[in-house]
Amino acid sequence: MTTPTTTAPERTVSLREVGPARRGTRPDEVVIALSPAFAGHFTKTIVDVPHAEVLRQLMAGVEEQGVTARLVRVLDTADLAAISHTAARLSGSGISVGVLSRGTTMIHQKDLPRLSNLELFPQSPLLDAPVFRMIGSNAAQYAKGESPQPVPTRNDQMARPRWQAKAALLHLKEFDCIEAGRGPVEVEAVFGPGTAG
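What comes next is a walk through the structure. (Residues numbered from 1 in each chain as written. Predicted model: local features only at pLDDT ≥ 70, side-chain atom pairs only at ≥ 80, totals over all residues. Heavy atoms only, no water.)

**Overview of the overall build of the chain**
At step 1: Helix and strand counts for the chain come out as four helices and seven strands.
At step 2: Reading the secondary structure of the chain in the N-to-C direction produces β-β-α-β-α-β-β-β-α-α-β.
At step 3: Taken over C-alpha atoms, the radius of gyration comes to 16 Å for the chain, in line with the 16 Å a tight globule of 197 residues would show.
At step 4: For the C-alpha atoms alone, the extent of the chain along its principal axes is close to 60 × 40 × 35 Å.
At step 5: When contacts within the chain are restricted to residue pairs at least 6 apart in sequence, those whose partners lie at least 24 apart make up 75%.
At step 6: Element-wise, carbon and sulfur atoms account for 53% of the exposed surface of the chain, whose accessible area totals about 9,800 Å².
At step 7: Within the chain, the 20 negative side-chain charges are centred at a point lying 2 Å from the centre of the 21 positive side-chain charges. (Helix = DSSP H or I, 4+ residues; strand = E, 2+ residues; numbered from the N terminus. Rg over C-alpha atoms; globule rule 2.2 N^0.38 Å. Contact = heavy atoms within 4.5 Å. Areas by Shrake-Rupley, 256 points an atom, 1.4 Å probe, with all protein chains shown as cover. Lys, Arg positive; Asp, Glu negative; His and termini not counted. Charge placed at Lys NZ, Arg CZ, Asp CG, Glu CD.)

**Looking at helix 1 (residues 51-63)**
At step 1: Taking 1.5 Å of rise per residue, the 13 residues of helix 1 would be expected to cover 18 Å, and the 18 Å separating its terminal C-alpha atoms lies within 8% of that figure.
At step 2: Burial runs high along helix 1: 11 of the 13 residues are buried.
At step 3: Within helix 1, burial applies to His51, Ala52, Glu53, Val54, Leu55, Gln57, Leu58, Met59, Ala60, Gly61 and Val62.
At step 4: Elements that come into contact with the buried residues of helix 1 comprise strand 1 (11-20), strand 2 (29-34), strand 3 (68-73), strand 4 (95-99), helix 3 (129-143) and strand 7 (185-193). (Expected span 1.5 Å × (residues − 1). Buried < 20%, exposed > 50% of the residue type's maximum accessible area, 1.4 Å probe, protein only.)

**Let's talk about the sheet that holds strand 6 (residues 119-121)**
At step 1: Ordered in space as 1-7-3-2-4-5-6, the seven strands form an open sheet in which the pairing is mixed. Single-partner strands in this sheet number two, and they are strand 1 and strand 6. The average angle at which neighbouring strand axes cross in this sheet is 30 degrees, direction not considered.
At step 2: Bridge count for strand 4 against strand 5 (residues 105-109) is five bridges, and the pairing is antiparallel. Considered in strand 5, the bridge of Ser96 is made with His108. (Pairing = 2+ DSSP bridges. Axes fitted to C-alpha atoms, helices over the stretch in contact; angles between N-to-C directions.)

Here's what the structure looks like:
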């Protein structure tokens, strides 16, 4: 006799717009900047990590370091460097984490050129919940003026050819969600149970 197993509902997240994003004044904050389609048109990364889990882990990593996380959605671009740099300029500490819907992530600092960064995580298929938590933790340590060890990342030479077509399609869909000329908005994450699967 077999007993049926039930799968716990997957957590979901929706983003509630609070208003225009303003320059922060708290030196103990990290701005987490989300791309136009994050937790909207898309709900999971390229390898099906739920956006709710991505946000939960990033925020937990920041908060475990005694730093505050503030969420901003950048609507006028789907370029990770631009999203991250915009957020760093809004952050009271000058530190941000930018995240694309597919999971590609970057830690940025306001004083760096837009195309520079503190840490870049370009192989989104290799990013999982523990890595997102470490990214949040490192961002918070940078905000405190520390010099953390870079987040260890895996490298898979086959990730690019295996995921390139899907990444390109996701990128095109992300661009469809851009709202040209609209400034960044502060958002609040509303977590809830979802449907299984």
